[in-house]
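# Understanding the architecture of this molecule
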Amino acid sequence: MSGFTIFAVAVVILGLAVIFAGVKVVPQGYMWTVERFGRYTRTLQPGLNLLIPFFDRVGHKLSMMETVLDIPEQEIITKDNAMAMVDGVVFYQIMDPRKAAYEIFGLDNAIVNLSMTNMRTVMGGMQLDELLGERERINAALLEVIDQATEPWGVKIKRIEAKKIDPNRDLVEAMASQMKAEREKRAAILTAEGQKEAEIREAEGRKQGQILDAEGMLEAARREAEAKERLAEAEAMATKVVSEAIKNGDKAAINYFLGQRYIDAVKEMAASPNAKVIYMPLEASNVIGSIGSIKQLFDENKTS
């Protein structure tokens, strides 16, 4: 092999090396930083990119996709001195590749440690009951604090979630006993309220019954008064008729008046519980005659 051939092969190999060193293909979802003599110059976008061989080199290959990081389990102490084991998950996305590459060393580790620290701060300032029942508020507070802290790194915190919040076993048993006591208390209150409602309804029923009884007695008294009033009117009318007949000298009217009184007296004697035997006077035939006179008197009043 001649020296020219060897030189030509070396030139071809060097040309290929230059081409491969100056041509870079960036995958979709990634961005690469370019450094010239160790200094950041620009960022390569997804696709085909050209570099100056031997002067430019790829510094950092950064994923621009949303990334998930697990926050390790840690023990926290709440505001009311209760202990709980918590962990979480954080979702972030790089917005500025230059800052993410050169403003912070070990981005993932920094975000994890920052999240752990702020979880202790936020959750440690809450009561245990709040910690267990207000996860949305916890997540919102963590998101606000961590997103603000990572902004200089060119990172956007999308979401942060507290996955597990496990109080101490003794606290769990105490909370279970407390919940049981609360349920029993509510049941006793509901039972007492039910009995109270039943007693109130029963009292209302008695009240309505008494009102109806009083209204019935009032109605009966009113009707009895009306009946007595009509009876009195009838007796007054009869007395008036008899009086007019006596005034006119009608003996039949006198017989009617005496017979009426006689019959009333006999009726009272017969109604007495002590009356066993009733003695009729000898003049009973005259009374019977008086009854006939009464009939004649009323017949005459009808015809008149």
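The model shown is predicted, which means the values in this text are computed figures rather than measured ones.

This paragraph deals with the confidence of the model for the protein. For the protein, the average pLDDT comes to 80, and 76% of its residues sit at 70 or higher. Mean pLDDT per element in the protein: helix α8 (residues 284–303) is the minimum at 51, and helix α2 (residues 97–102) is the maximum at 94.

For helix α5 (residues 135–150), built from 16 residues, the straight-helix expectation of 22 Å at 1.5 Å per residue is met to within 8% by its first-to-last C-alpha distance of 22 Å. Residues of α5 that are buried include every one of I138, N139, L142, I146, D147 and T150, and no others. Within α5, the buried residues cover an arc of 140 degrees as seen down the axis, which keeps them to one side. Turned more than 90 degrees away from the buried face of α5 sit E136, E144 and Q148, all of them exposed. Packed against the buried residues of α5 are α3 (107–124), α4 (128–133) and β8 (155–167).

Contact geometry for α3 and α5: axes closest at 10 Å, N-to-C directions at 135 degrees. As judged from the angle between their axes, α3 and α5 are oblique. With respect to the hand of their crossing, α3 and α5 are arranged in right-handed fashion. Contact with α3, carried on its side by I111, L114, S115, N118, M119, V122 and M123, involves I138, A141, L142, V145, I146, A149 and T150 of α5 and no other residues of that element. Of the residues contributing to the contact of α3 with α5, the split by class is eleven nonpolar, three polar and no charged.

Below, the discussion takes up the pattern of salt bridges. As enumerated under the stated definition, the model contains 13 salt bridges in all. Put simply, K164 and E73 hold a salt bridge, and the shortest N to O gap is 2.2 Å. Taken as a pair, K164 in strand β8 and E73 in strand β6 (residues 67–77) lie far apart in primary sequence, 91 residues in all. Owing to a relative accessible area of 42%, E73 belongs among the partly exposed residues under this scheme. Measuring nitrogen to oxygen at the nearest pair gives 2.2 Å for the salt bridge that ties E219 to R222. You can see E219 and its partner R222 sitting in helix α6 (residues 169–247), three residues apart, about one turn around the helix. Of the residues examined, E219 reaches a relative accessible area of 30% and is grouped as partly exposed. Relative accessible area serves as the criterion here: at 39%, R222 is assigned to the partly exposed category.

Ranked by internal contacts, the top residues of the largest apolar core, which has 35 residues, are Y92, L107, I111, M123 and L131. Elements that contribute at least two residues to this core include exactly β6, β7 (83–94), α2, α3, α4, α5 and β8. Broken down by element, this core gets its largest block of residues, eight residues, from α3. Ignoring any residue separated from it by four or fewer positions in sequence, one finds I111 in contact with L69, V90, Y92, T150, W153 and V155.

Definitions and cut-offs
- Residues numbered from 1 in each chain as written.
- Predicted model: local features only at pLDDT ≥ 70, side-chain atom pairs only at ≥ 80, totals over all residues.
- Heavy atoms only, no water.
- pLDDT = per-residue confidence, 0-100.
- Helix = DSSP H or I, 4+ residues; strand = E, 2+ residues; numbered from the N terminus.
- Expected span 1.5 Å × (residues − 1).
- Buried < 20%, exposed > 50% of the residue type's maximum accessible area, 1.4 Å probe, protein only.
- Arc of directions from axis to C-beta.
- Contact = heavy atoms within 4.5 Å.
- Axes fitted to C-alpha atoms, helices over the stretch in contact; angles between N-to-C directions.
- Parallel < 35°, antiparallel > 145°, perpendicular 65-115°, else oblique.
- Left-handed = near helix turned anticlockwise from the far one by under 90°.
- Nonpolar A, V, L, I, M, F, W, Y, C, P; charged D, E, K, R; others polar.
- Salt bridge = Lys/Arg side-chain N within 4 Å of Asp/Glu carboxyl O.
- Core = buried A, V, L, I, M, F, W, Y, C linked by side-chain atoms within 4.5 Å.

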